[in-house]
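Single-letter residue listing:
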Amino acid sequence: MALQAPKTHEVRIRHRHHSVTGVAGLEPGLAGHLSTHPRPRQKEIDKNVAISYGSTSPLLGDRNQFPSFFRTIPSDDFQSRGLAQLVIHFGWTWVGIVASDDEYGQVGSQIVQQELIKAGACVAFNVNILISRSDKNAFYIAHIIKNSTANAIVIFSSVAYLPPLLDELLRQNITGKIWIASEGWSTSFPVPFEKYSEILASTIGFAIHSGKMLGFQEYFTSIHPSSSPWDMFLRKFWEGAFRCQWLDWENLLTRDNTTKKCTGAERMESLPINSIIEFRFTYNIYKAVYATALALEDLRKCMQYGEHFPQETCANISAFHPWQLLHYIKKVRLGRETTEAFFDKHGNPPVLYDIVNWQRDPENITRHVKVGSYDSTAPSGKTFVMNSSLVQWAAGKTQIPVSVCSPGCPSGFRKAVIPGKPICCFQCIQCLPGEITNPTDSNECFACPWDLWPNDKQNSCISKVTEFLAYQEPFGAVLATTSISLSLIPIFIFGLFIHSRNTPVVKASNSNLSYILLLSLSLCFLCSLAFIGYPTAEKCFLRQAAFGITFALCVSCILARTIMVVIAFNATKPNRDFRRWVGPQLSYMIIIVGTLIEILLCIFWLVVTPPFSEYNIDIRPGIILMQCNEGSPISFWCMLGYLGLLATISFIVAFLARKLPNSFNEAQYITFSMLAFLSVWFSFIPAYLSTKGKYMVAMEIFAILSSSSSLVSCIFFPKCYIILFRAEMNTKHYLMQKGARQSSKMKGL
């Protein structure tokens, strides 16, 4: 492609520079003009088409100021975003920034800081390298770095400004920091490098992408000092590449005897080219020249791209205007034999950086090893690619170094910002009961669903323990066994009374009422079983009603027996009308009426506000209590209060009749039984109200068993004792004598 642009319209490709003054391709006078005037005249900027390989200033992407400027190196704003993404990738949230106080450093560091803050990281400090000073403000910067807890430090500067700072870091023995390098120095070793190798170990940063250049491999391997004996650069390169030294008069006196002699027989083919020298800017120059050549070729061939020039069909290759070449530069696209590239509407190429890590090889030579890439042309989600396993950290560490203001909060804790501190500086506060934090470093705790509860570490929700008074647990098994065992006692007494039904003690006890009372007492013991086990809806619906009705029947029988004792005594007195009330009809009527009232109360309760089963999660943390909701507490206490009323009436009547003469006056025993009954239930009320969960149920069962036991023991145990062990007392003669003695005592009173 042997084409030559007219001399009057030269396409220039110039050296690297980070400021506006380094716009490549402008006339020399115009470049100087830009150094003091950031807005050149439009007619001057249109004189040339400029393609730069090293101008990275974001300002050059402004098409209003620089409509004919193109570059083969990405703008610094992309690099800055990539550096911020690199920092976030490694989890460094507490970062320092050091930047040169020129346009390159200031614009780049500002974008890095903005991107870090946007990603949730914090900037510990942002200090400037004062390039106008001889010491570059090194002492102050080193002091800030040394006293900061930030271990990750982004340096956005050219390599030329770093030696004073590195000297100061070396003097203050500041090591162990992680240096994140901008492309201005990521592949440029400070001189002398070995002096700073300990400080700069494991540096990682962005570098200009290096790609394949057609024919360069063949050219590179063909060069030899003998073909250009006066090329000092080639001789120096040869010595560095093969680690030898030429023996001539110039270095005879300074020659190191430990270094081998260069013979010229060394072969370039044996060198790994990319490990000897990195052709990154060379590659950008290559792309700039190649893009210009392609544009000129398209202009020569009159490639239209769907457009026509005004007034003429094609441009004249021998005398074209800059705007005509500009048309083809905009359309140029580098082929796939190199890296595919083009210019966007701002004249920028596709963003492509290599992420390099400074590593020492087995020969103790520091290399720039590619460990990732930043490619805007990659598919979504693959723009930033990092192979962390390839990174070599300082001191041979395998774990990623940490740079945080505060240690991360473990699971079960949340971050709480410390007043007056950045958001990255926080304290860890444990989550409240019932809350978890699944990931670490969480800002908020989250409540578990109602049926779940945090585990011990409060990092996940587990099923709550379902609790109720079960038959399988020891407490429930003991209560159930006790209930069944005690229910057999009334049955045993019932059988004993049937067997001894013709004895005076049984006859004097009103055997029919005794039979009903014994059966009801047995049911009272058994009704406590309804309170044990899983509280199903049916069980909750019936258990309190069954308890109330059974006890109402029991207490009604006792009340009937007490009233019958009073009536029987008064019936023996002359001129009294109580004789007509003596008989079983009155007893049955009292029992029926007393029980019927309780039945009606329970029916009203079950119809209006019936009890139901429910989950209770408020009693104890981490526990789901399966319980019966009584529906209406008023109805429950009315039912229980009616039992207390019956018992109180029975107690009063029995107490008044305790000294009445009779053949076998059981009013005394009824008095004690009712006193015990009322004591149990009055004690039950505060105990019931002060307990929760299954222990509240157990308290009611205990009250049922205790009160029922007191009735059995006080009323029937004395009779059973006489029947079984004192047969001499179970005679009509003995009972008549006892009644006579009681009558004489009454007369004496």
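Residues numbered from 1 in each chain as written. Predicted model: local features only at pLDDT ≥ 70, side-chain atom pairs only at ≥ 80, totals over all residues. Heavy atoms only, no water.

Chemist: Please provide a residue-by-residue account of the overall build of the protein chain, values included.
Modeler: Each helix and strand in the protein chain was counted, giving 21 helices and 23 strands. Per-residue burial for the protein chain yields a buried fraction of 47% across its 749 residues. Taking all contacts inside the protein chain whose residues are at least 6 apart in sequence as the whole, residues at least 24 apart take part in 66%. Surface accessibility of the protein chain: about 37,100 Å² in total, with carbon and sulfur atoms responsible for 60%. (Helix = DSSP H or I, 4+ residues; strand = E, 2+ residues; numbered from the N terminus. Buried < 20%, exposed > 50% of the residue type's maximum accessible area, 1.4 Å probe, protein only. Contact = heavy atoms within 4.5 Å. Areas by Shrake-Rupley, 256 points an atom, 1.4 Å probe, with all protein chains shown as cover.)

Chemist: If you had to explain the state of the cysteines to someone new, which residues and values would you point to?
Modeler: One pass over the full model with this rule turns up seven disulfides. Here Cys122 connects covalently by a disulfide to Cys424, the sulfurs 2.2 Å from one another. Where Cys122 bonds to Cys424 through sulfur, the torsion about that S-S bond is close to 90°, and the disulfide is right-handed. Here the residue Cys122 occupies a position in strand β4 (residues 122-129), and Cys424 occupies one in the loop between β15 (413-417) and β16 (426-430), the gap between them amounting to 302 residues. Across a sulfur-sulfur distance of 1.8 Å, Cys540 and Cys628 are joined as a disulfide pair. Residues Cys540 and Cys628 are joined by a disulfide whose S-S torsion is about -75°; by sign, that bridge is left-handed. (Disulfide = S-S within 2.5 Å.)

Chemist: Pulling in residues and values, what's your account of the confidence of the model for the protein chain?
Modeler: Per-chain confidence: the protein chain averages 81 in pLDDT, with 83% of residues scoring 70 or above. Low confidence marks residues 1-46, where pLDDT is under 50. Its contacts with residues over four positions away, or in another chain, come to 113 contacts. Every residue in residues 739-749 scores below 50 in pLDDT, and together they form ten contacts with partners more than four places removed in sequence or on other chains. (pLDDT = per-residue confidence, 0-100.)

Chemist: Go over the packing of helix α10 (residues 280-301) against helix α11 (residues 322-331) with me, naming the residues and quoting the values.
Modeler: Packing of α10 against α11 leaves a shortest axis separation of 8 Å and a crossing angle of 115°. In terms of axis orientation, α10 runs roughly perpendicular to α11. Taken as a pair, α10 and α11 cross one another with a handedness that is right-handed. Contact residues: α10 offers Ala291, Thr292, Ala295, Leu296, Asp298 and Leu299, while α11 offers Gln324, Leu325, Tyr328 and Ile329. Counted by class, the contact of α10 with α11 contains seven nonpolar, two polar and one charged residues. (Axes fitted to C-alpha atoms, helices over the stretch in contact; angles between N-to-C directions. Parallel < 35°, antiparallel > 145°, perpendicular 65-115°, else oblique. Left-handed = near helix turned anticlockwise from the far one by under 90°. Nonpolar A, V, L, I, M, F, W, Y, C, P; charged D, E, K, R; others polar.)

Chemist: Break down helix α18 (residues 667-690) for me, citing the residues and quoting the values.
Modeler: For α18, spanning 24 residues, the distance from its first C-alpha to its last is 35 Å, which sits close to the expected 34 Å at 1.5 Å a residue. The largest bend along α18 reaches roughly 30° and is located at Phe684, with the proline Pro686 sitting one to four residues downstream. Taken together, the buried positions of α18 are Ala667, Ile670, Thr671, Ser673, Met674, Phe677, Leu678, Trp681, Phe684, Ala687 and Tyr688. (Expected span 1.5 Å × (residues − 1). Bend = angle between axes of the 7 residues up to and from the residue.)

Chemist: Could you give me a rundown of the side chain of Ser109, with the residues and numbers involved?
Modeler: Position of Ser109 among the secondary structure elements: in helix α4 (residues 103-118). Look past the residues within four positions of Ser109 in its chain and what remains in contact with it is Ile97, Ala99 and Phe156.

Chemist: Hey, could you go over the sheet that holds strand β22 (residues 612-616) for me, with residue numbers and the actual values?
Modeler: Read from one edge to the other, the open sheet built from three strands follows the order β21-β23-β22, with strand pairing classed as mixed. Lying at the two open borders of the sheet, with one neighbouring strand each, are β21 (465-467) and β22. Neighbouring strand axes in the sheet, compared pairwise and without regard to direction, differ in orientation by 25° on average. Across five bridges, the pairing between β22 and strand β23 (residues 623-629) is antiparallel. Note that in β23 the partner of Glu614 across the bridge is Gln627. (Pairing = 2+ DSSP bridges.)

Chemist: Help me get a handle on the packing of aromatic side chains, residues and values and all.
Modeler: If you walk through the whole model with that rule in mind, you get 29 aromatic pairs. Relative to Phe684, the ring of Trp681 has its centre 5.0 Å away and its plane inclined at 75°; by these criteria the two rings are edge-to-face. Taken as a pair, Trp681 and Phe684 lie in helix α18 at a separation of three residues, close to a single helical turn. Like Phe684, Trp681 is buried. Chaining the aromatic ring pairs together yields one cluster made of Phe547, Phe551, Trp605, Phe636, Trp637, Phe677, Trp681, Phe684 and Tyr688. Looking at Arg63, its charged tip hangs above the ring of Phe70, at a distance of 5.1 Å from the centre. Cation over ring: Lys415 sits above Phe426, and NZ or CZ is 4.8 Å from the ring centre. (Phe/Tyr/Trp six-rings, centres within 6.5 Å; stacked < 30°, edge-to-face > 60°. Lys NZ or Arg CZ within 6 Å of the ring centre and 35° of its normal.)

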